[in-house]
Structure formats: C-alpha cells, structure tokens
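Chain residues, written in single-letter form:
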Amino acid sequence: MIVEIDRVRFAWKSGQRDILDITRLEITAGERVFIEGPSGSGKSTLFSLLGGVVRPREGTVRVLQADISQMPAARRDRFRADHIGFVFQMFNLVPYLSMMDNVVLPCRFSHRRFERAQTRSGSPEAEARRLLVRLGLEPAELLARPVTELSIGQQQRVAIARALIGAPELIMADEPTSALDEGTRKRFLQVLSEQCDEAGVSLLFASHDTRLGALFDRRISLDELNRNGAGMPGQAP
Amino acid sequence: MAMVRLALRSVFSRRVTAGLTLLAIAISVAMLLGVEKVRRDARGAFANTISGTDLVVGARSGAIQLLLYSVFRIGNATNNISWETYQDIGGFPRVLWTVPISLGDSHRGFRVMGTSSAYFEHYRYARTETLQFGSGGPFVDVFDAVLGAEVADRLGYALEDRIIVSHGAGDVSFVEHDDKPFRVAGILRPTGTPVDRTVHVSVQGFTAMHVDWMAGAPMPGLAITADEARGMDLTPKTITAFLVGLDRKIAIFDVQRRINDYSEEPVLAIIPGVALQELWDLMSVAENLLRFVSAMVVATGLLGMLTVILSSLEARRREMAVLRSVGARPLHVFALFMSEAMVFALVGAAAGVVLLYVALLVGQPIVAREFGLHLPIALPGPGDWWIIAAVVAAGTAAGAVPAIRAYRLSLADGLSMRI
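Here the structure is a predicted model, which is why all the values come from computation and not from measurement.

Participant: For this particular structure, what's the right way to read the overall build of chain A?
Facilitator: When helices and strands are counted, chain A shows 9 helices and 9 strands. For 237 residues, the compact-globule estimate of 2.2 N^0.38 gives 18 Å, and chain A sits close to it at 18 Å. Projecting the C-alpha coordinates of chain A onto the three principal axes gives extents of approximately 55 × 40 × 30 Å. When burial is assessed residue by residue, chain A has 56% of its 237 residues classed as buried. Counted over contacts in chain A with a minimum sequence separation of 6, partners at least 24 positions apart contribute 73%. Element-wise, carbon and sulfur atoms account for 48% of the exposed surface of chain A, whose accessible area totals about 10,000 Å². Taking the average location of the 32 positive side-chain charges in chain A and that of its 30 negative ones, the two points are 3 Å from each other.

Participant: Please clarify how the packing of helix α4 (residues 111-121) of chain A against helix α5 (residues 124-134) of chain A should be interpreted in this entry.
Facilitator: In helix packing, the relevant descriptors are the interaxial angle and the interaxial distance, both defined with respect to the helix axes. Residues and elements named next belong to chain A. Contact pair α4 / α5: the axes reach a minimum separation of 7 Å and the direction vectors enclose 70°. Comparing the axis directions of α4 and α5 gives the class roughly perpendicular. Contacts between α4 and α5 involve Phe114, Ala117, Arg120 and Ser121 on the former and, on the latter, Pro124, Ala126, Glu127 and Arg130. Taken together, the residues of the contact of α4 with α5 break down into 4 nonpolar, 1 polar and 3 charged.

Participant: Would you mind going over the pairing of strand β1 (residues 55-59) of chain B with me for this structure?
Facilitator: Both faces of the sheet carry side chains from a regular strand, because those side chains alternate between them. Residue and element names in this part refer to chain B. For β1, the tally of buried residues reaches 5 of 5 residues, placing the bulk of the element in the interior. Looking at chain direction, β1 and strand β17 (residues 267-270) are connected through 4 bridges and run antiparallel. Looking across to β17, one finds that Ala59 is bridged to Val267.

Participant: Explanation requested: the state of the cysteines in the structure shown.
Facilitator: Here a disulfide denotes one covalent bond, and it connects the sulfur atoms of two cysteines. Residue and element names in this part refer to chain A. Per the counting criterion, the structure on display carries 0 disulfides over all chains. Sulfur of Cys107: no disulfide; nearest cysteine sulfur belongs to Cys196 and is 17 Å away. Of the residues examined, Cys107 reaches a relative accessible area of 7% and is grouped as buried. The exposure class of Cys196 is buried, given its relative accessible area of 0%.

Participant: Explain the interface of chain B and chain A here, please?
Facilitator: Accessible area lost upon the coming together of the parts serves often as the stated size of an interface. Chain B puts 26 residues into the contact, and the matching count from chain A is 22 residues. For the pairing of chain B and chain A, the buried interface totals around 2,200 Å² over both sides, and the portion due to carbon and sulfur atoms is 67%. If you look at where chain B meets chain A, you find 2 salt bridges. Here Arg9(B) and Asp101(A) are joined by a salt bridge, their closest N and O atoms 2.7 Å apart. Our enumeration of links across chain B and chain A arrives at 4 residue pairs in polar contact (both at pLDDT 80 or more).

Participant: Looking at this structure, I do not really get the sheet that holds strand β5 (residues 66-67) of chain A. What am I missing?
Facilitator: Pairing between the strands of a sheet is mediated by backbone hydrogen bonds and can be parallel or antiparallel. All names here are of chain A. With antiparallel pairing, the 4 strands of this open sheet are ordered in space as β2-β1-β4-β5. In this open sheet, the two strands that pair with only one neighbour each are β2 (20-27) and β5. Two strands pair when backbone bridges link them, and strand β4 (residues 58-63) and β5 are joined in this way by 2 bridges, in the antiparallel orientation. Paired with Arg62 across the two strands is Asp67, which belongs to β5. Contacting β1 (3-10), β2 and β4, helix α1 (residues 43-50) crosses the sheet at an angle of about 115° to β1.

Participant: I would appreciate a short explanation of helix α4 (residues 83-90) of chain B in the present structure.
Facilitator: In an α-helix, one turn spans 3.6 residues, which is why side chains three or four residues apart end up on the same side. Among all positions in α4(B), only Trp83(B), Thr85(B), Tyr86(B) and Ile89(B) are buried. The buried residues of α4(B) all sit within an arc of 160° when viewed along its axis, so they share a single face.

Participant: Sorry if this is basic, but what is going on with the sheet that holds strand β7 (residues 170-174) of chain A here?
Facilitator: All names here are of chain A. With parallel pairing, the 5 strands of this open sheet are ordered in space as β6-β7-β8-β3-β9. Edge positions in the sheet fall to β6 (84-87) and β9 (218-221), since each of these pairs with one other strand and no more. Sheet twist, expressed as the mean angle between neighbouring strand axes with direction ignored, is 20°. Summarising the sheet, strand β3 (residues 32-36) and β9 pair through 4 bridges and their orientation is parallel. The residue bridging Ile35 from the neighbouring strand is Ile220, located in β9.

Participant: I'm lost on the packing of aromatic side chains in this one. Help?
Facilitator: Any two aromatic rings considered together are summarised by their centre-to-centre distance and by the angle between their planes. All names here are of chain B. Counted under the stated rule, the structure contains 15 aromatic pairs over all chains. The rings of Tyr119, Phe120, Tyr123, Phe133 and Phe139 are connected pair by pair, giving a single aromatic cluster. Between the NZ or CZ atom of Arg258 and the centre of the ring of Phe92, over which it lies, the distance is 4.1 Å.

Participant: Teacher, can you tell me more about the packing of helix α10 (residues 272-313) of chain B against helix α14 (residues 400-413) of chain B here?
Facilitator: All names here are of chain B. In contact at an axis separation of 9 Å, α10 and α14 are set at 10° when each is read in the N-to-C sense. On the basis of the axis angle, α10 is roughly parallel to α14. Only Val401, Pro402, Arg405, Ala406 and Leu409 of α14 make contact with α10, whose side of the interface consists of Leu306, Ile309, Leu310 and Leu313. The residue makeup of the contact of α10 with α14, split by class, is 8 nonpolar, no polar and 1 charged.

Participant: Would you take a moment to explain the confidence of the model for chain A for this structure?
Facilitator: Interpretation of the predicted coordinates at a detailed level should be avoided for regions scoring low in pLDDT. Here chain A shows a mean pLDDT of 84. Residues at 70 or above account for 94%. Note on residues 230-237 of chain A: pLDDT under 50 across the span, and 9 contacts to partners over four residues away in sequence or across chains.

Participant: Just checking my understanding: could you explain the pattern of salt bridges for this structure?
Facilitator: Side chains bearing opposite charge may pair, as long as their charged atoms lie close to each other. Residues and elements named next belong to chain B. Overall, the coordinates contain 43 salt bridges over all chains when judged by the stated rule. Between Arg39 and Glu36 there is a salt bridge, and its shortest N-O distance comes to 3.0 Å. Of this pair, Arg39 and Glu36 both sit in helix α2 (residues 15-49), 3 residues apart, which is roughly one turn of the helix. With respect to burial, Arg39 and Glu36 carry one shared label: buried.

Participant: Explain the domain arrangement of chain B to me, please; I cannot follow it from the model alone.
Facilitator: Residues and elements named next belong to chain B. For chain B, the assigned domains are domain 1 (2-46 + 283-413) and domain 2 (55-270). Computed from C-alpha atoms alone, the centre-to-centre distance between domain 1 and domain 2 is 50 Å. Counting residues at the interface gives 4 residues for domain 1, matched by 6 residues for domain 2. Between domain 1 and domain 2, the buried area comes to about 460 Å², and carbon and sulfur atoms account for 60% of it. Taken together, the connections running from domain 1 to domain 2 amount to 0 salt bridges. For the pair domain 1 and domain 2, the number of links is 0 residue pairs in polar contact (both at pLDDT 80 or more). For the side of domain 1 that touches domain 2, a count of residues per class yields 2 nonpolar, 1 polar and 1 charged.

Participant: How do you make sense of the nonpolar core when you look at a structure like this?
Facilitator: The tendency in soluble globular proteins is for nonpolar side chains to be buried as a group. Core analysis: the largest hydrophobic core is formed by 50 residues, its most contacted members being Met305(B), Leu336(B), Phe337(B) and Phe344(B). For this core, the secondary structure elements donating two or more residues are α3 (99-109) of chain A together with α1 (2-13), α2, α10, α11 (317-325), α12 (330-371), α13 (382-398) and α14 of chain B. The element contributing the most residues to this core is α12(B), with 10 residues. Ignoring sequence-local partners within four residues, the contact set of Met305(B) consists of Thr21(B), Ile25(B), Ala341(B), Phe344(B), Ala345(B), Gly395(B) and Ala398(B). Core analysis: the second largest hydrophobic core is formed by 36 residues, Val104(A), Ile160(A), Ile171(A) and Phe216(A) among them.

Participant: Sorry, what's going on with the side chain of Arg32(A) here?
Facilitator: All names here are of chain A. Examined against the element boundaries, Arg32 turns out to sit in strand β3. At a separation of 3.2 Å, a polar atom in the side chain of Arg32 contacts the side chain of Ser193. Leave out the neighbours within four places in its chain, and Arg32 touches Ser193, Asp197, Leu203, Leu215, Phe216, Asp217 and Arg218.

Criteria and thresholds
- Residues numbered from 1 in each chain as written.
- Chains lettered and ligands numbered in written order.
- Predicted model: local features only at pLDDT ≥ 70, side-chain atom pairs only at ≥ 80, totals over all residues.
- Heavy atoms only, no water.
- Helix = DSSP H or I, 4+ residues; strand = E, 2+ residues; numbered from the N terminus.
- Rg over C-alpha atoms; globule rule 2.2 N^0.38 Å.
- Buried < 20%, exposed > 50% of the residue type's maximum accessible area, 1.4 Å probe, protein only.
- Contact = heavy atoms within 4.5 Å.
- Areas by Shrake-Rupley, 256 points an atom, 1.4 Å probe, with all protein chains shown as cover.
- Lys, Arg positive; Asp, Glu negative; His and termini not counted.
- Charge placed at Lys NZ, Arg CZ, Asp CG, Glu CD.
- Axes fitted to C-alpha atoms, helices over the stretch in contact; angles between N-to-C directions.
- Parallel < 35°, antiparallel > 145°, perpendicular 65-115°, else oblique.
- Nonpolar A, V, L, I, M, F, W, Y, C, P; charged D, E, K, R; others polar.
- Pairing = 2+ DSSP bridges.
- Disulfide = S-S within 2.5 Å.
- Buried area = accessible area lost by both parts, 1.4 Å probe.
- Salt bridge = Lys/Arg side-chain N within 4 Å of Asp/Glu carboxyl O.
- Polar contact = N/O pair within 3.5 Å; in protein donor to acceptor, adjacent residues only side chain to side chain.
- Arc of directions from axis to C-beta.
- Phe/Tyr/Trp six-rings, centres within 6.5 Å; stacked < 30°, edge-to-face > 60°.
- Lys NZ or Arg CZ within 6 Å of the ring centre and 35° of its normal.
- pLDDT = per-residue confidence, 0-100.
- Domains from an automatic or database assignment.
- Core = buried A, V, L, I, M, F, W, Y, C linked by side-chain atoms within 4.5 Å.

Here it is, written out as structure tokens:
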C-alpha cells in the first residue's frame, strides 16, 4: 500500500468548515490513479496532505506505511523530499536556474534521491541528462537557454524529469496538462505514463478534465470520496 | 550553503534592479569609508606637520587661530609682535632656539614666509624628519628664496629663477613687489606638510620688500632699489610669530606661563600638540555629524535593498512553492532570503571598497592640489574592516524582515500556487 488515508478531516484554519472529510482511500504500489474533481474541490488540499505540507485535523495519512500525520514538520519535509515527486499546472521551474539545475534540485534537498540518481547514472547531472533525453528534450541545445524561454510543453516535461530524478516512490501531478494544448497534452500524458511504468512509480494524477481518466488504472471522483463536497460551498453536511 | 548558491543565482537573474540596489549600497559604503579615511588622514597630516617645536608664540588671539596661521598657513594673523619682544623672549632661560615667522605676502597663490636659516635646521615634521634640500641650500643673500617642493613643481621653477612676490595673501594680488625680485636659492624635498606650499625668504628680505612702504602701501615718490635696500638696516620691526625650542621639555609649562605673563606686549604662547587637540575637539562635532550623515546614507542604501527584496516577494510565491515541493523546508526559504540580503550587502560593500579606491586614484591629486591633503592609497585598516563588517552584518540582519515574511508565506502557501 503506497497511500492509505483513514478517517481524515482537514480544515485550513481551525474553526472553519472541513474542506476534506475522507473515510478511506487506498492506493497500491505501482498504481496509476486519476483523481477527478472540479477546481476548488480540494485536489490541491489532498496533495498537500499527502505531501506532508499540512496535517489532518483528525485521522491518519500513511505514505509508504509511514504515518506522516504524526511526524514533526522537519521530518515531513524530508520525507516529501525523499519519496515524492511533484508536477504542477504551470510555473514548475525556478526561473533563475538552468534546466539542468532545475532537474537536479531534489537531489540537493534529499540525500536519498542524490544517491539513487548517482547509482543509476553516475551523477545527478548524468541522470538528469538521461531523463531529459527520454522525455524528448535534447539537453545539448536547450541547456544553455534560460528556462523561461522554454515552451510550456517543454517546461512541463522538465518538471517530469525533476519529479522522476532519484526515483521517488510516488509522483503527484496537479492539473499538469491544463496549460497545454490538445496535441501537447496527449504527448505529455504518454511520456508521463511511460516513465512512471518504466520506473515503477505510483502516480496520482488530479484533473478537472474527466476525458483524461480513461488512460489510468483507476479513477476516483473526489466529490464522491469527500463527504464534505466542497463543490457546494457554504453547505453544511 | 546550497541556499547561498540559489541566492546568488536569484540575485544575478535580476541584474538590473539588483545592480541599482548594489550601486546604492556601494556608493553609501564608499562614502562612509571615504569620510572616515579623510578624517583619519587629515588628522594624521595635521599631527605630522609640526614636531620638535615646544612653543609657538604670536600676538594674543586664540590658540587655534595662532596655530592655524603660523603652522598651517590657514587664515591670517590679527596682529604682529615686535622684534624687541622676539629678542627678549629669545633670551629667556631654558630657551634654546627661536625661529621668526613673517607672513602676509604671497607668490601666485602660495604663501610667502619670512624666516631665518634656523628654520631649516630646527623645523621637524612627521615626528623626527628634518627639512631636506632637493637642490640648492638655505638663503645666502637678502633676496634669496627657498621653495617648497610643490611650489617648484607646480610653477616649474628651478634654481636661479627669479620670482616676484605679491603683496597680500590672496590668490590674486594687484600690488607686486616687482622692483625686488627673489632668486631661487634652494628647493626642498616633499614633506606632505604646508611647507611644500610655502615660499621661504629671510626676514631681512621680507623687510626689504616693504622698506619703501608705509601703512600697507608703497610710499609715493620714495622708491628704494634692491641694491640700495641691501645696504640698509633690514632688521624687521615686527614679525608675525615665532617658534621656540627649549633645552628641557619639562620646562614647557614654566616658559609658556612666563611668556603669557610678558608685560611689555600682549603675546600668546601655545604648545602645538595641545592646540591641535583643542582643534580636534572643535572639529569632532562636525566630524561626528559627517559620520552620522554617512551612516544614514548606508541605512538608506540598505532600506532600498529591503524594498527590492520585499517587493519581489509576492511574485516569488510560486518559486517558493516549487522549492517546497522539491523538499525545501520553510527554514530553507528563510535562509534563501537571508542569503539574498547577505549577497547584496557583501557584494555592495565590496563594490563600495572598489569604488572608494577608484575615487581615491582619481581624486588624490585633486585633493592634494586643492586642499594640500595627501591621501595615501593603502589597504583598508582595522577600522575600515569594522565598518565593512558592520554594514554586511546590518544588511544581512535587515534581510530577516523579508525572510520572516517569506517563511510565513511559504508555511501558509505550502504547495498551493496562489496567484
């Protein structure tokens, strides 16, 4: 079991209405799961919980069998750095770093991922280069350019490389295709799935675009999962 | 350490605003260090100007005024003292030597000082240095002159050249002693003191220039040539001041009191070091004000830096979320912004030091020419390092303001990209 949520309640501020109230969610290792829900339904909040950025008000969140809801903040941050890769909707890259430095960034915060990248390719930089090539980015011609000059499609692929480097067990992608056009989106999904399969990584993919759900092993509707459907603001359960 | 690298990149990516901010800090640091340097060097130069002289005696006025006009050639004497008084005091017990000083004339902007050959023997500067002749020697004839190094250099004079002295101490004079030219008999080596900017003549020569004058103007119908003057009694009636050397230092206060109690004429004897200290006390108010203003300029520079970092904060919330997602803790974000402030302060201070030295290279000859102050170009002293360290520390500490804000933001935002 890579993710296990048990009777979790969460509110951003104490005293406010719970935005998430999930009785049970289980994801097995290697599974590719599509989480659908309109914007504002709590997808990002769920990811914050799973990423250990915030703690639930009640209940337990287990990632890789570890109860991250009981960990102190520093350990949660380290846990996230070691085991989880993220891809966001857009602006995934640190604008003042090169493509290479963006990709190897997780290896600077996680010793585990540094070592795994090193074991795999000799050095984080070599591993970054390998991943970028696999993702259809030719590093030689792109490395010199500032990342802000890359197209959004290219930026998202760099973000995948960054999420994959050092082989974390879980990748969470939050609306990663919303800023892409039809053609790029297809290519992006294909590349993401391929890479996750190849690395044996579990994938949590959240999007409001239900059409994409068919490409995944399993689809979960957050509105059904979450008993406090935030899609109906102001309404008490 | 990783955060410092990130901070460097981040600052570099905003070259234009960062550059301007750095420039503001650099200028302020250069100004603070510059003020401190000028203050220190000016003190050093003043303190090094006269030594070996136990007392300076002149007409009764203020101690500082007497010191300024007799030794530093700044300002003018209000009154003269008589030659009899000079002779009289020269005969006091414990007095080893006296050197007369007559002022009031000039040569093309440089002060002309009437004195005796003993001046070249007894005058000391920079504690123990004596005056050295670069060429020639002391006066031989009544109409001989000895030039300070800068006078000769700036006006291009060599030995045996003839110079004409102007009446009055101003830069521009309308009355010239052109009937009695002086021969350049000697040129002194540079000393870094007002001696370099002085034309020395004998008191006899000084008297001779004015022998056919009365009440500050040439007497109509009476023209005495240089040769005629040579035959006359050229003992001056008055002099401006004189230097006194004693055989025993311990007697300074006794002799000073005796001179100040001298009943024939109101005279004032000062101890150069003591008068210099009085001058510093007077100047310290202005100095401290100048330091305060410079410190305020540095504070303004650092405030500018704070503004730049703080105003970038909103736009950088996404960047912070990305960093959090790859494993950065809020403390890392805090460190990133602290490091940016440190980079600004450090690079700004370093640029300020460079700026100061560039300004010194350019300004040194100008300051030397206009103010007679030699600013040696030396490595920063311990005092300078303290100032630099203080600026860097203050800048880094100021970085806590945006850093704490960034810390709170990244804690609140987490991974969500609020736009």
